[in-house]
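Below, each chain spelled out in residue letters.
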Amino acid sequence: MKPVPHATSLRRAPVQRRSAERLTRILDACADLLDEVGYDALSTRAVAQRAGVPIGSVYRFFGNKRQMADALAQRNLERYSARVTERLREAGDGDWRTAMDAVLDEYLEMKRTAPGFSLVDFGNQIPVGARHGEPNHRVADRLTELLSGYLDREPDEALRRVFLIAVETADTLVHLAFRVAPEGDPKIIDEMREMLRAYLSRVLD
């Protein structure tokens, strides 16, 4: 079964398989409609119609479209984490360069192919409220958790700060690359990769 968001993003967490599958359909429909109409024109009613579920099913999980988009962002992060983990498992032993390529390549692939990702990704394009909920902090926390063992480093505040700086830098330059070209300007992406390598070599070598 496809992963669903952590229960804290939902009004009610799915318990039965049928309920989980309905939630997946709702989030899939939300992602498709984001690409088609954008966030401002998104509505819970349109999502229910696209998903083929009663409007009450949407409100069972979400109070409004903001919560639904945030749940989609959380699901994106879960899927991204799984892709990075699988990529590193296939790579076997490596160093931070292997990890960096996995982190960046999988993000770019989702940016190009995942429905709704260009608007929501991990939450960057929607209001996120308190500072501890900011998406780039969420991503930095997840990368610290995922990569500390692979890099044989302590998952302390120093490593998290390194990842936060790298994530903030990559986020800004990836958005620039995709504003310049629909699939991401390759020259900007190459420059970003070199910039990240220079920074990470100084702090991780």
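Residues numbered from 1 in each chain as written. Predicted model: local features only at pLDDT ≥ 70, side-chain atom pairs only at ≥ 80, totals over all residues. Heavy atoms only, no water.

## Quick look at the pattern of salt bridges
Here the structure, examined in full by the defined rule, presents 17 salt bridges. As a salt-bridge pair, Arg 83 and Glu 106 come within 2.9 Å of each other at their nearest N and O atoms. Of this pair, Arg 83 sits in helix α4 (residues 65-91) while Glu 106 is found in helix α5 (residues 96-113), placing the two residues 23 residues apart along the sequence. The partner of Arg 197 in a salt bridge is Asp 101, and the shortest N-O contact between them spans 3.5 Å. (Salt bridge = Lys/Arg side-chain N within 4 Å of Asp/Glu carboxyl O. Helix = DSSP H or I, 4+ residues; strand = E, 2+ residues; numbered from the N terminus.)

## Considerations on the environment of Phe 117
Examined against the element boundaries, Phe 117 turns out to sit in helix α6 (residues 117-120). Sequence separation of Phe 117 and Leu 34 is 83 residues, and the distance between their C-alpha atoms is 8.6 Å. When sequence neighbours within four positions are dropped, the list of residues in contact with Phe 117 reads Asn 76, Tyr 107, Met 110, Lys 111 and Phe 122. (Contact = heavy atoms within 4.5 Å.)

## Things to note about the nonpolar core
Note on soluble globular proteins: their nonpolar side chains tend to be buried together. Among the nonpolar cores identified, the biggest contains 39 residues, and Tyr 80, Phe 122, Leu 143, Leu 147, Phe 163, Met 192 and Leu 200 are the most heavily contacted of them. Those elements giving two or more residues to this core turn out to be α4, α5, α7 (135-151), α8 (157-180) and α9 (186-204). Counting residues per element, this core draws most heavily on α8, which supplies eleven residues. Not counting residues within four places of it along the chain, the set of residues in contact with Leu 200 comprises Trp 96, Met 100, Val 162 and Asp 205. One finds Leu 33, Ala 48, Ala 51 and Ala 73 within the second-largest nonpolar core, a separate group that totals 22 residues. (Core = buried A, V, L, I, M, F, W, Y, C linked by side-chain atoms within 4.5 Å. Buried < 20%, exposed > 50% of the residue type's maximum accessible area, 1.4 Å probe, protein only.)

## With respect to helix α1 (residues 17-37)
With 21 residues, α1 should cover 30 Å at 1.5 Å per step; its first-to-last C-alpha distance of 30 Å lies within 8% of that length. Among the residues of α1, Ser 19, Ala 20, Leu 23, Thr 24, Ile 26, Leu 27, Ala 29, Cys 30, Ala 31, Leu 33 and Leu 34 are the ones counted as buried. (Expected span 1.5 Å × (residues − 1).)

## Points about the packing of α8 against α9
Geometrically, a packed helix pair is captured by the angle between its two axes and the distance between the axes. Between α8 and α9, whose axes approach to 9 Å, the crossing angle comes to 170°. The orientation of α8 with respect to α9, classified from their angle, is roughly antiparallel. Packed against α8, whose contacting residues are Leu 159, Arg 161, Val 162, Ile 165, Ala 166, Thr 169, Ala 170, Leu 173, Val 174, Leu 176, Ala 177 and Val 180, the element α9 presents Ile 188, Ile 189, Met 192, Met 195, Leu 196, Tyr 199, Leu 200, Val 203 and Leu 204 at the interface. Looking at side-chain class alone, the contact of α8 with α9 contains 19 nonpolar, one polar and one charged residues. (Axes fitted to C-alpha atoms, helices over the stretch in contact; angles between N-to-C directions. Parallel < 35°, antiparallel > 145°, perpendicular 65-115°, else oblique. Nonpolar A, V, L, I, M, F, W, Y, C, P; charged D, E, K, R; others polar.)

Remember that the coordinates give geometry; whether it matters functionally is a separate question.
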